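# Structural characterization, general
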Amino acid sequence: MKTFLSLVDVTSKLDPTDYVGFTFFVGCMAMMAASAFFFLSLNQFDKKWRTSVLVSGLITFIAAVHYFYMRDYWAVNMESPTFFRYVDWVLTVPLMCVEFYLILKVAGAKPALMWKLIAFSVIMLVTGYFGEAVYNTGSGPAVWGAISGAAYFYIVYEIWFGSAKKLAVNAGGDILKAHKILCWFVLVGWAIYPLGYMMGTEGWYNSILPQGGIDVVYNLADAINKIGFGLVIYALAVKKNEVHN
Ligand SMILES: *C/C=C(C)/C=C/C=C(C)/C=C/C1=C(C)CCCC1(C)C
C-alpha cells in the first residue's frame, strides 16, 4: 500500500522543470538497459569471462533498483536520497574491486588483493557517509571527507603502482590495456564524487548551489563509472573470446 501511494505521489508531482528528477529517471532507464545488455550477452562468453560480464550486469542492476527508489524519494521529498545512494555504492563499489581481481586472476592475483581493495572501498564509503549524512555540520564533512579521500588514494595507488599494477604488467596484452583503462576510470571518473560531495556538504560552496546539484553530479558519475566500467570488461571478454575461437 505504501509503495502504491508513493507511486501515485511521484506521478502527480512530476514537474517539467525538475531537472534533478529528470536525471534520476534517465539513470533508472540507463542502468536497466545496461543490465539487460550485459545479462543477454552472457551466453556468448566462455566460463572464465562470463563471471566478469555477469558482475558488470550485477553492478548496473543493483544500481537500477536503487535508482527507482532514489527517483521516488527525490520526487516525493525534493531532498537528496543520501541513504539509498550510499547503500547502492557500498554494494556496487566492492563489486568493481572484484572486477579488478577477476581480470587479474590469470596473472595469479590472490583473493587477498580483492579483500584489500574491498576493505578500503568500504572505509571510503562509510566515512563519506558519516561526513555527508551523520556528522554533517561544522568541520564534520571536511574531517570525514579527508579520511574517505585517504582510502580513495590508497585504492588509486594500489591499482596504478602497487601489486595490482605488477600483475597487470605480467598478464600483458589485452588485460594490461583493460586494466589501464579501468585505472583511468578510478582516477578520473571516481574523482567526480568528492567534487559532488563538496557541492552538497557544509564548508565548501554548497550555499551557492541549488538543492539537488549534488545529485546531478552523482547521477552523471554513476552512469560513466558503472556503465562505462562494465563496457570495458565486456570489450575485454569479447577480445579474449575471439582468441579462443
Ligand atoms: C558506482 C558508484 C561508484 C563508483 C562510487 C564511487 C564513490 C566514490 C569514489 C566516493 C568517494 C568519496 C570521497 C573520495 C571523499 C568524499 C566522500 C565520497 C564518499 C564522495
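Residues numbered from 1 in each chain as written. Predicted model: local features only at pLDDT ≥ 70, side-chain atom pairs only at ≥ 80, totals over all residues. Heavy atoms only, no water.

## Considerations on the pattern of salt bridges
One pass over the full model with this rule turns up seven salt bridges. With its nearest N and O atoms 2.9 Å apart, the salt bridge here joins Arg 85 to Asp 215. Within this pair, whereas Arg 85 is found in helix H4 (residues 82–104), its partner Asp 215 is found in helix H10 (residues 213–244), the two being separated by 130 residues in sequence. The pair Arg 85 / Asp 215 is uniform in exposure class, with both members buried. Here Asp 174 makes a salt bridge to Lys 177, at a shortest N to O gap of 4.0 Å. Pair noted here: Asp 174 and Lys 177 are both in helix H8 (residues 173–189), with a separation of three residues, about one helical turn. On the accessibility criterion, Lys 177 (52% relative accessible area) is exposed. (Salt bridge = Lys/Arg side-chain N within 4 Å of Asp/Glu carboxyl O. Helix = DSSP H or I, 4+ residues; strand = E, 2+ residues; numbered from the N terminus. Buried < 20%, exposed > 50% of the residue type's maximum accessible area, 1.4 Å probe, protein only.)

## Quick word on the site of the ligand
In the vicinity of the ligand there are 17 residues, among which Trp 89, Val 93, Ser 148, Tyr 193 and Lys 226 approach most closely. Assessed atom by atom at 2 Å from the grid points, the ligand resides in the largest pocket. Looking at the shell around the ligand, the element that brings in the most residues is H4, giving five residues. Classifying every residue of the shell around the ligand by side-chain character gives 11 nonpolar, four polar and two charged. (Near = heavy atom within 4 Å. 1 Å grid on protein atoms, 1.4 Å probe; cavity = no way out; pocket = protein on both sides within 12 Å on 5 of 7 lines; lining within 4 Å. Sits in = over half its atoms within 2 Å of the grid points. Nonpolar A, V, L, I, M, F, W, Y, C, P; charged D, E, K, R; others polar.)

## Points about the UniProt feature "transmembrane region" (unreviewed entry) in the chain
When the UniProt feature table is mapped onto this chain, "transmembrane region" (unreviewed entry) is found at residues 20–40, 52–69, 89–106, 113–130, 142–160, 181–200 and 220–238. End C-alpha atoms of residues 52–69 are separated by 26 Å, and the span's content is 100% helix alongside 0% strand. Secondary structure over residues 89–106 splits into 89% helix and 0% strand, and the C-alpha atoms at its two ends are 27 Å apart. (UniProt positions renumbered as here; feature names shortened; annotations may be inferred.)

## Considering unusual backbone geometry
Although it is not a glycine, Met 78 adopts a positive phi angle of roughly 55°. For Met 78, a relative accessible area of 36% gives the class partly exposed.

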